[in-house]
Amino acid sequence: MRVLGVIGICVAALLVVLLAIFLRRRLLMAGGGTIRLQVRVSTMVPGRGWSSGIGQFVDDELRFHRMFSFGIRPKRVLNRRTLSVGCRRLPAGPERLTMPGHWVILLCTTGSNELEIAMAESTVTGFLSWLEAGPPGQPGSVAPRPTITPRPAER
């Protein structure tokens, strides 16, 4: 009888934990401006080290929240002003087993750091649009900052 009580308490605690994770995810996604993505957190083993989560667009930042985490703060924050996308590739090798087939991996640079992020191919278009919509002359934007030359004074 006592064993059943301990098992019941463990099952109830597990359900509370799962409910808390689910509610946290729903609250993040309810605010709008969110996407599903994966960030490569470790490159020790080729094709491994991906962390699933939710990306939240807030002003000039993409905030990455891990999917299965109790942390309130984002795990990574990518600033649009320092972020640029280098190349795009499809998942290869063991990566094909950990992410859906229609996902694309982007090699990004943030300042002097390189970072790989993966997202759905349809999401990449919106992500690149957000990145290019930054102020002119920033690394993520397309158009160079125009130079303004003063007009000569009229007589």
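Above this text sits the structure in question.
We now turn to the structure provided with this report. The model shown is predicted, which means the values in this text are computed figures rather than measured ones.

**Some details on the pattern of salt bridges**
Oppositely charged side chains may form a pair once their charged atoms are brought near each other.
Alright, step 1. Using the criterion set out here, one finds seven salt bridges in the structure.
Alright, step 2. With a shortest N-O distance of 2.4 Å, D60 and R80 are connected by a salt bridge. Within this pair, whereas D60 is found in the loop between β2 (50–58) and β3 (61–66), its partner R80 is found in the loop between β4 (76–79) and β5 (83–89), the two being separated by 20 residues in sequence. With respect to class, D60 is no different from R80; both count as buried.
Alright, step 3. Across the salt bridge formed by R81 and D60, the nearest N and O atoms sit 3.0 Å from each other. Residue R81 is located in the loop between β4 and β5, and its partner D60 is located in the loop between β2 and β3; the two are separated by 21 residues in the primary sequence.

**Here we look at a nonpolar patch on the surface**
Alright, step 1. Taken together, the side chains of V3, L4, I7, V11, L14, L15 and L18 make up a nonpolar region of the molecular surface, amounting to roughly 700 Å² of accessible area.
Alright, step 2. As for its position among the elements, L18 is in helix α1 (residues 2–30).

**Things to note about the environment of E61**
Alright, step 1. Looking at the element boundaries, E61 is found in strand β3.
Alright, step 2. Taking the C-alpha atoms as reference, E61 lies 4.5 Å from N79; in sequence the two are 18 residues apart.
Alright, step 3. Setting aside chain neighbours within four positions, we find E61 in contact with Q56, V77, L78 and W130.
Alright, step 4. Here the side chain of E61 touches R63 through a polar contact of 2.9 Å, side chain to side chain.

Cut-offs applied
- Residues numbered from 1 in each chain as written.
- Predicted model: local features only at pLDDT ≥ 70, side-chain atom pairs only at ≥ 80, totals over all residues.
- Heavy atoms only, no water.
- Salt bridge = Lys/Arg side-chain N within 4 Å of Asp/Glu carboxyl O.
- Helix = DSSP H or I, 4+ residues; strand = E, 2+ residues; numbered from the N terminus.
- Buried < 20%, exposed > 50% of the residue type's maximum accessible area, 1.4 Å probe, protein only.
- Patch = residues over 30% accessible without salt bridge, like charges linked within 9 Å, V, L, I, M, F, W, Y side chains within 5 Å.
- Areas by Shrake-Rupley, 256 points an atom, 1.4 Å probe, with all protein chains shown as cover.
- Contact = heavy atoms within 4.5 Å.
- Polar contact = N/O pair within 3.5 Å; in protein donor to acceptor, adjacent residues only side chain to side chain.

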